[in-house]
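Listed here are the chains, written in short residue letters.
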Amino acid sequence: MSDWHPYRPLADSTVTGDLWQLDGVGDAQHAPRPVLVWLPPSYHADSGRRYPVVYFHDGQNVFDAATSYSGEWGADETLTALAAQGIEAIAVGIPNGGDRRFHEYSPVEYHDYPQGGGGGADAYVAFLTDTVKPAVDAAFRTRPGADDTVVIGSSMGGVISLHAWLTRPGVFGHAGIMSPAFWTNAGFSLRQAQEAPLPAGRVWVDIGGQESPEFPDRMRAYWHEAHAFVDTLSARGLGERLRFQADPAAPHHESAWAARLPAALRFLLTGL
């Protein structure tokens, strides 16, 4: 157990499985926040077993609608169902920084975004790598290697998942990039996909055709840039390590990401 991030069980009947909280996880640039950790069904019964770990951004929305600001992913229900099929993993929900969310998740500044700012992605990935992950690995029976570590998120969480995978491939071996908001960084993510050395792991990408229909130009950008991104990765030879799902009817919402999550996690954890 970590002696600098105490953890405790959370009794919450709306969450399927065993949910714990690491308290006060922060660093010099990121305010302390509670990190939620869901343990798979066999965790306590099999005390010698270690597990892969899935790191979720926007952790408020991952497990429970009661803590969410926009709905939940139902990750605990999905992982419980996968466990019944023999696929078990620890899930970690890292809450975003509130009004600093865009700054933390964006690799470049973009002052036209309603919350402005950006450019904090490198510092946020360092926070994940140097503070969050060591705390999780110290407190729980993880398999800490990159091949057993997944990072996943939606919208700006998809952008930061890509950034983490490309800049820290020795830490985050696989990436889930759901409804990525590439339009916020003036092509930076697409150039990153074209130019950065590609890690060896798996990548899940998905997109909906109704992402922000109230902003038609933005909606088209979501769709076209996700396809351009996938085309780039395909051309660079990812082959079977890349999985793409496009749903023309899907909105930009937790309900859509929850619906696609079972296939995404199955692929990222097993390659199937």
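Now for a description of the structure that goes with this document. None of these values were measured; they are calculated from a predicted model. (Residues numbered from 1 in each chain as written. Predicted model: local features only at pLDDT ≥ 70, side-chain atom pairs only at ≥ 80, totals over all residues. Heavy atoms only, no water.)

1. Remarks on the pattern of salt bridges
Alright, step 1. As enumerated under the stated definition, the model contains seven salt bridges in all.
Alright, step 2. Among the ionic pairs, Glu 88 bridges to Arg 49, the shortest N-O distance being 2.9 Å. Taken as a pair, Glu 88 in the loop between α1 (75–83) and β5 (90–93) and Arg 49 in the loop between β3 (30–39) and β4 (53–56) lie far apart in primary sequence, 39 residues in all.
Alright, step 3. By relative accessible area, Glu 88 is classed as buried at 11%.
Alright, step 4. Residue Arg 49 is classed as partly exposed on the basis of its relative accessible area of 29%. (Salt bridge = Lys/Arg side-chain N within 4 Å of Asp/Glu carboxyl O. Helix = DSSP H or I, 4+ residues; strand = E, 2+ residues; numbered from the N terminus. Buried < 20%, exposed > 50% of the residue type's maximum accessible area, 1.4 Å probe, protein only.)

2. With respect to the packing of helix α3 (residues 121–139) against helix α4 (residues 156–167)
Alright, step 1. Two elements in contact, α3 and α4, have axes separated by 10 Å at closest approach and are oriented at 70°. Looking at the two axes, α3 sits roughly perpendicular to α4. Across from Ala 121, Asp 122, Tyr 124 and Val 125 in α3, the residues of α4 making contact are Ile 160, His 163, Ala 164 and Thr 167.
Alright, step 2. Split into classes, the residues belonging to the contact of α3 with α4 amount to five nonpolar, two polar and one charged. (Axes fitted to C-alpha atoms, helices over the stretch in contact; angles between N-to-C directions. Parallel < 35°, antiparallel > 145°, perpendicular 65-115°, else oblique. Contact = heavy atoms within 4.5 Å. Nonpolar A, V, L, I, M, F, W, Y, C, P; charged D, E, K, R; others polar.)

3. Some points on the pairing of strand β7 (residues 174–178)
Alright, step 1. Among the five residues that make up β7, five are buried, leaving the element largely enclosed by the rest of the structure.
Alright, step 2. Neither face of β7 is open: one carries His 174, Gly 176 and Met 178, the other Ala 175 and Ile 177, and all of them are buried.
Alright, step 3. Pairing analysis gives five bridges linking strand β6 (residues 149–154) to β7, with the strands arranged parallel. Within β7, the position partnered with Gly 153 by the bridge is Ile 177. (Pairing = 2+ DSSP bridges.)

4. Side note on the environment of Gly 173
Alright, step 1. Within the secondary structure, Gly 173 is located in the loop between α4 and β7.
Alright, step 2. On the basis of relative accessible area, Gly 173 is assigned to the buried category, the value being 8%.
Alright, step 3. Taking the C-alpha atoms as reference, Gly 173 lies 4.9 Å from Asp 147; in sequence the two are 26 residues apart.
Alright, step 4. What Gly 173 contacts, discounting residues up to four positions off in sequence, is Ala 146, Thr 149, Trp 165, Gly 201 and Arg 202.

5. A short note on the side chain of Arg 202
Alright, step 1. Position of Arg 202 among the secondary structure elements: in the loop between α5 (188–195) and β8 (203–210).
Alright, step 2. In this structure Arg 202 is buried but unpaired, with Asp 147 as the nearest side chain of opposite charge at 5.0 Å.
Alright, step 3. Here Arg 202 is in contact with Trp 165, Gly 173, His 174, Ala 175, Arg 241, Phe 267, Leu 268, Leu 269, Thr 270 and Gly 271, once residues within four sequence places are set aside. (Lys, Arg positive; Asp, Glu negative; His and termini not counted.)

6. Some details on the layout of surface pockets
Alright, step 1. By volume, the second largest pocket is sized at about 160 Å³.
Alright, step 2. Looking at the lining of the second largest pocket, the elements that each hand over two or more residues are β6 and α7 (254–270).
Alright, step 3. A per-class count over the lining of the second largest pocket returns five nonpolar, four polar and six charged. (1 Å grid on protein atoms, 1.4 Å probe; cavity = no way out; pocket = protein on both sides within 12 Å on 5 of 7 lines; lining within 4 Å. Points joined across faces, edges and corners; volume = space filled by probe spheres on them.)

7. Considering the environment of Pro 197
Alright, step 1. Positionally, Pro 197 belongs in the loop between α5 and β8.
Alright, step 2. The spacing of Pro 197 and Pro 169 is 28 residues in sequence and 9.6 Å in space, taken between C-alpha atoms.
Alright, step 3. Sequence-distant contacts of Pro 197, that is, excluding residues within four places in its chain, are made with Leu 166 and Arg 236.

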